Amino acid sequence: MAKKLEHIDSLAFPILVGDIGGTNARFALLADAAGEPIVFPVVPTADYPNIDDAIEAVVFAHTAIRPKTAVLAIAGPVDGEEIELTNSPWVVRPHALIADLGFEDVLILNDFEAQALAVSALPESGRDPIGGGTVLEGASRVVMGPGTGLGVAGLIRSRDRWIPVPGEGGHMDLGPRTERERAIWPHLETLEGRVSGEQVLCGRGLVNLYHAIAAADGASATLTLPAEVSEAAAKGADPAAHEAVQLFAVILARVAGDLALVFMARGGVYIAGGVFGRIAALVDPAAMREAFEDKAPHRELMRGIPLFSVTLPLAALAGLAAFARRPHLYALETAHRRWSR
Ligand SMILES: Nc1ncnc2c1ncn2[C@@H]1O[C@H](COP(=O)(O)OP(=O)(O)OP(=O)(O)O)[C@@H](O)[C@H]1O
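Just so it is clear, the model here is predicted, and its values are computed rather than measured. Counting restarts for each chain, with residues numbered from 1 along the sequence as it is written. For this predicted model, a pLDDT threshold of at least 70 governs which residues receive local features, and a threshold of 80 or more governs which side-chain atom pairs are given and counted, while totals over whole chains, interfaces and linings are taken from all residues. The side-chain numbers reported here are obtained from all heavy atoms of the structure, hydrogens and water having been left aside.

### Some words on the overall build of the chain
Stage number 1. Counting from the N terminus, the helices are the DSSP runs of H or I reaching at least four residues and the strands are the DSSP runs of E reaching at least two. Summing up its helical and strand segments, the chain has 12 helices and 15 strands in all.
Stage number 2. Two things to know: the radius of gyration comes from C-alpha atoms, and the globule rule equals 2.2 Å times the number of residues to the power 0.38. Radius of gyration (C-alpha) of the chain: 21 Å, near the 20 Å computed for a compact globule of 341 residues.
Stage number 3. Seen along its three principal axes, the alpha-carbon backbone of the chain occupies a region of about 60 × 45 × 40 Å.
Stage number 4. The 341 residues of the chain split such that 52% are buried.
Stage number 5. Only heavy atoms matter for contacts: two residues are in contact if any of them lie within 4.5 Å across the pair. Within the chain, contacts between residues at least 6 apart in sequence are counted, and of these 69% link residues at least 24 apart.
Stage number 6. Computed with the Shrake-Rupley method and a 1.4 Å probe, the accessible areas treat only the protein chains shown as cover for residues. Summed over its atoms, the accessible surface of the chain is roughly 15,300 Å², and 53% of this surface lies on carbon and sulfur atoms. The buried label goes to any residue with under 20% of its type's maximum accessible area, the exposed label to any with over 50%, and the partly exposed label to all in between, with areas taken from a 1.4 Å probe on protein chains only.

### So, the packing of aromatic side chains
Stage number 1. Any two rings among Phe, Tyr and Trp, with Trp reduced to its six-membered ring, count as a pair given centres within 6.5 Å; such a pair is stacked if its planes are under 30 degrees apart, edge-to-face if over 60, and tilted if neither. Inspection of every chain in the model, using the stated rule, returns two aromatic pairs.
Stage number 2. Centroid distance Phe 323 to Tyr 330: 5.7 Å. Interplanar angle 75°. Geometry classified as edge-to-face.
Stage number 3. Of note, Arg 66 hangs over the ring of Phe 60, and the distance from its end group to the ring centre comes to 4.3 Å.
Stage number 4. Counted as over-ring charges are cases with an Arg CZ or a Lys NZ within 6 Å of the ring centre that also lie within 35 degrees of the ring normal. The ring of Trp 162 has Arg 157 lying over it, and the distance from NZ or CZ to the ring centre is 4.4 Å.

### Structural notes on the sheet that holds strand E14 (residues 307–310)
Stage number 1. The criterion for strand pairing is that DSSP finds at least two bridges linking the strands in question. If you trace the six strands from one edge of the open sheet to the other, you get E9-E14-E13-E10-E11-E12, paired in mixed fashion. Strands with a single pairing partner mark the edges of an open sheet, and in this sheet they are strand E9 (127–129) and strand E12 (161–166). Ignoring which end each strand starts from, the neighbouring axes of this sheet average 25° apart.
Stage number 2. In the sheet, strand E10 (residues 141–146) pairs with strand E13 (residues 269–271) via three bridges, with the strands oriented parallel. All axes are obtained by fitting lines to C-alpha atoms, using only the stretch in contact for helices, and the reported angles, taken between N-to-C directions, cover 0 to 180 degrees.

### Side note on the pattern of salt bridges
Stage number 1. Any Lys or Arg side-chain nitrogen located within 4 Å of an Asp or Glu carboxyl oxygen qualifies as a salt bridge. With the rule as written, the count across this model stands at 17 salt bridges.
Stage number 2. Here the salt bridges do not stand alone but share partners, grouping Arg 177, Glu 290, Asp 294 and Arg 299 into one network.

### So, the environment of Ala 215
Stage number 1. With respect to the element layout, Ala 215 can be found in helix H6 (residues 203–216).
Stage number 2. When its relative accessible area of 37% is taken as the criterion, Ala 215 is described as partly exposed.
Stage number 3. The sequence separation of Ala 215 and Pro 186 amounts to 29 residues, and the corresponding C-alpha distance is 9.5 Å.

### Brief notes about the site of the ligand
Stage number 1. Residues are counted as near a molecule or strand when any one of their heavy atoms sits within 4 Å of it. The full set close to the ligand counts 15 residues, and Gly 22, Thr 23, Thr 148, Ser 230 and Gly 274 are the nearest of them.
Stage number 2. Between Gly 22 and the ligand, the recorded distance is 2.6 Å, taken from a backbone N or O atom to an oxygen atom.
Stage number 3. Here a nitrogen atom of the ligand and a side-chain polar atom of Arg 278 are 3.3 Å apart.
Stage number 4. Its free accessible area being 650 Å², the ligand has 72% of it covered by the protein chains.
Stage number 5. Points on a 1 Å grid over protein atoms alone make up a cavity when a 1.4 Å probe fits among them but cannot get out, and a pocket when they form an open set with protein on both sides within 12 Å along at least five of seven lines; lining residues each have an atom within 4 Å of a point. Grid points define the cavity or pocket, and a molecule sits in it when more than half of its atoms lie within 2 Å of them. The site holding the ligand turns out to be the largest pocket.
Stage number 6. Of all the elements in the fold, those that place two or more residues in the shell around the ligand are strand E2 (24–30) and helix H7 (226–235).
Stage number 7. The leading source of residues in the shell around the ligand is H7, at three residues.
Stage number 8. Of the residues contributing to the shell around the ligand, the split by class is three nonpolar, 10 polar and two charged.
Stage number 9. Where each domain starts and ends follows an automatic or database-derived domain assignment. Residues from two domains meet in the shell around the ligand; each of domain 1 (15–111 + 315–340) and domain 2 (123–311) gives at least three. Polar contact is the term for a pair of N or O atoms within 3.5 Å; when the atoms are in protein, one must be able to donate a hydrogen and the other to accept it, and sequence-neighboring residues count only if both atoms are side-chain atoms. Here the nonpolar group is Ala, Val, Leu, Ile, Met, Phe, Trp, Tyr, Cys and Pro; Asp, Glu, Lys and Arg are the charged ones; every other residue, Gly included, is treated as polar.

Structural data, given as structure tokens:
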């Protein structure tokens, strides 16, 4: 069946926005078009049997406002009438949200699409530049998020509208670039023989890199969790952990540069996700910038493109709110993921 690209001009207020990850759920309520969002405390998904219970306990128990519309971003493929989360037992049933919780309109997006929406509306105070470059307003952008996995989304700008492109860019092949990396690469754990972006650029990938560095040097490696690697690097006690964190940042910036070329992202590349924010203070921004710009024959082009670390807390929720308030600024496919009463 052909998919149709439905254009949404407006959504009915009040609107509930939700960013539902495998680990945490975050909700906010937009009472009307102008007011500040009411943001509710972040809750672990494991604390509630399902999303319906969480909405009742976290939102409805604390406000008399009953939302007409729900815009929810889900960490998992949006497929069918029962949407399962990748790392949680929650199942989102839009028909049940309409029948039991009183919603009239339910729109379900992918969690990385929400990150892309966030980048469309990110204030300057919500981002830290890594080196130079200038945002070209009206140009496309890219967001990448090393977290549990590696999410990548483009944000194309066309005819005054934003078009989020949530692909599977985290699974592109990754190759070594220097002598040192050529020595480390054979020791990386592969997926069916491949070193993809996600084998290195996520929490688990940081540990993979640390083990490969230690193996390349014939050293022992005892750490098993991403936080242990970044903590050891911060203490300066473990050379393999230190190198793993530095190399992680350099490879991240190199891939960010590749993505900037793919999307001609003169609006910037934005690094989100839970891992980079935790290692940002340990890494060398000049080395990242060099890796980002090292794209002969396009060094000159790259010099002008900014690279940012997203620092705004709850950025995805802010992105969903920006979309919910002004959906006419976005071309978002809604076929098979919008339900109405
Ligand atoms: N101090 C740390 N240093 C490095 N990595 C860390 C640290 N603490 C947590 N991590 C890693 O960050 C990853 C989680 O990232 P993130 O917070 O982006 O989660 P997520 O994938 O968005 O999940 P959710 O949305 O369900 O909360 C995990 O792999 C975790 O091990």
